[in-house]
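# Tertiary structure, described
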Amino acid sequence: MIRTDKHGRGRLGRALLILGAVAVLSGCGSRLASSGGARATEKEYTRGQLMVVAATERNRYQNIYTSRLWEVRAEDGGETFEDQLKGQMEQFLVELAVMNAMAQDQGVELTSQEKDSIKALSSEYYDSLSEGDRAYMGASEAEIEDLYSQYYLADKLVTELTSAENLEVSDAEAKVIQVQRIRLSDRETADQVLEEVQGERADFGAIAAKYSEDSQTEATLEWSDDLNAVDQAAFALEQDEISQITEYEGSFYIQKCTNAYDEEATAARKTLLAQEKKTRAFLSIYEPYAREHPVKLKEGVWEQIGFEGGEDCTSDGFFQMYHSYFSK
């Protein structure tokens, strides 16, 4: 069955999140581009363009799992996995259309150099496709170039409209640490264990495994403004320092900081937090525009798009190739 995460979204969640800045909009459940009282403009993509997106996302899952997953139904017995993924793809394509219209209104255009780069990328992508890929997608190189152009323009729009925003994230905001942790349910035992871990040559990890009432004794923590008392105590520790006893919600905690600054994890989180800032900044501009300029796809567009067949089509790199190409 399709399960939901702690936020209630399906695990396929933001299936198109690989798209980067633009796709933060996708899968968020808002369907902003089709809301509001204004009459929706109908956007028509070619069948080839629809199949490029559909095949890419189909294969991204199918190459990891199995083609049988498309018949799997949600926990409530409603939509299939295929139905849900098609819904997310439709939302992405609608939002892509809104953003291209917004770019036109804002005077954001592709330069000659950008067009040349997109043309080169399109040729490289098309050449990478197998005969099976091409047969299943049915997309010409020109259709691929047009789709990449729309995607690039939307990406450029996000960058230009957020260029004046402060998107910096400090190391302190993004800081990630690792600790070992012992949780006990009575103070007397906690006092005894604290004395033991403070002993010369004491093995904190072994003592934690012996006494902690939680089987998981290692934790990776991310800084935030609303840390609970236990995590606050952890962030106050220096490298290899052992905490005093922290009482929280009826339990007693003793912690040791095993990594006071995870450089790699902090850098990755810093990038993520900066992207989230960029997304919020863009959404504050995008949402009002989307409500006033709603877009819809042609009625019944997905009826002609199925995930069956195409066993020789395995390409899943349309969006990954875009980001690799333009990050060079």
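See the structure above.
First, a word on scope: everything that follows refers to the structure included in this document. (Residues numbered from 1 in each chain as written. Predicted model: local features only at pLDDT ≥ 70, side-chain atom pairs only at ≥ 80, totals over all residues. Heavy atoms only, no water.)

## Here we look at the overall build of the chain
Quick reminder of the rule: We count a stretch as a helix when DSSP gives it H or I for four or more residues in a row; a strand needs E for two or more, and each element gets its number in order from the N terminus. Type-normalised accessible area, obtained with a 1.4 Å probe on protein chains alone, sets the label of each residue: buried when under 20%, exposed when over 50%, and partly exposed for intermediate values. Throughout, a residue-residue contact means that at least one pair of heavy atoms, one from each residue, lies within 4.5 Å. Method for areas: the Shrake-Rupley scheme with a 1.4 Å probe, in which residue coverage is limited to the protein chains shown.
Summing up its helical and strand segments, the chain has eleven helices and six strands in all. Looking at the chain as a whole, 47% of its 328 residues qualify as buried. Partitioning the intrachain contacts of the chain with sequence separation of at least 6 by distance along the chain shows that 80% fall at a separation of at least 24. Accessible surface computed for the chain: about 17500 Å², of which carbon and sulfur atoms make up 43%.

## Brief notes about the side chain of Thr162
Using the following cut-off: Each polar contact in these results corresponds to two N or O atoms within 3.5 Å; when the atoms are within protein, one needs to be able to donate a hydrogen and the other to accept it, and residues that are neighboring in sequence are counted only if both atoms are side-chain atoms.
The residue Thr162 is located in the loop between helix 5 (141-161) and helix 6 (171-174) in this model. Polar contacts involving the side chain of Thr162 include one to the main-chain carbonyl oxygen of Val158, which spans 2.7 Å. If sequence neighbours within four positions are ignored, Thr162 has contacts with Leu167, Lys278, Ala281 and Phe282.

## A closer look at the sheet that holds strand 3 (residues 218-222)
Keep this limit in mind: Any two strands between which DSSP finds at least two bridges are classified as paired. Convention adopted: a line fitted to C-alpha atoms gives each axis, helices being fitted over their contacting stretch, and angles between N-to-C directions are expressed from 0 to 180 degrees.
Ordered by their spatial adjacency, four strands build an open sheet running 3-2-5-4, and the pairing between neighbours is antiparallel. Strands at the two margins of the open sheet, each flanked by one partner only, are strand 3 and strand 4 (246-248). In this sheet, adjacent strand axes meet at a mean angle of 45° when their direction is disregarded. The strands that helix 7 (residues 187-197) touches are strand 2 (176-184) and strand 5 (251-259); relative to strand 5, the one it contacts most, it runs at about 25°.

## Describing the pairing of strand 5
Burial analysis of strand 5 places seven of its nine residues in the buried class, which makes it a mostly covered element. Taken together, the three bridges between strand 4 and strand 5 define a ladder with antiparallel strand orientation. Within the sheet, the bridge partner assigned to Glu247 lies in strand 5 and is Phe252. Hairpin connection between strand 4 and strand 5: a loop of two residues separates the two successive antiparallel strands, and Glu249 in this loop has a positive phi of roughly 50°.

## A closer look at the pairing of strand 3
With burial as the criterion, only one face of strand 3 is covered, namely that bearing Ala219 and Leu221; the residues Glu218, Thr220 and Glu222 on the opposite face remain uncovered. Bridging between strand 2 and strand 3 involves five bridges; their strand directions are antiparallel. Bridge assignment links Gln178 to a residue of strand 3, and that residue is Thr220.

## Overview of unusual backbone geometry
Unusually for a residue other than glycine, Asp240 sits at a positive phi of about 65°. Position of Asp240 relative to the elements: it lies in the loop between helix 9 (229-235) and strand 4. At Glu249, a residue that is not glycine, the phi angle is positive and equals roughly 50°. Inspection of the secondary structure puts Glu249 in the loop between strand 4 and strand 5. Relative accessible area serves as the criterion here: at 68%, Glu249 is assigned to the exposed category.

## Things to note about helix 11 (residues 318-326)
Counted only if it meets this: The arc refers to the directions leading from the helix axis to the C-beta atoms.
Looking only at helix 11, the buried set comprises Phe318, Phe319, Tyr322 and Tyr325. Seen along its axis, helix 11 keeps its buried residues to an arc of 125°; they face one direction. Contact partners of the buried residues in helix 11: helix 1 (47-62), helix 2 (81-106), helix 3 (112-128) and helix 5.

## Examining the side chain of Gln178
Following the sequence through the fold, Gln178 ends up in strand 2. Accessibility expressed as a relative area gives 17% for Gln178, which makes it buried. Of note is the side chain of Gln178, whose polar atom sits 3.0 Å from the side chain of Asn259. Side chain to side chain, Gln178 and Asp262 meet in a polar contact 2.9 Å long. Setting aside residues no more than four positions away along its own chain, Gln178 makes contact with Ala219, Thr220, Lys256, Cys257, Thr258, Asn259 and Asp262.

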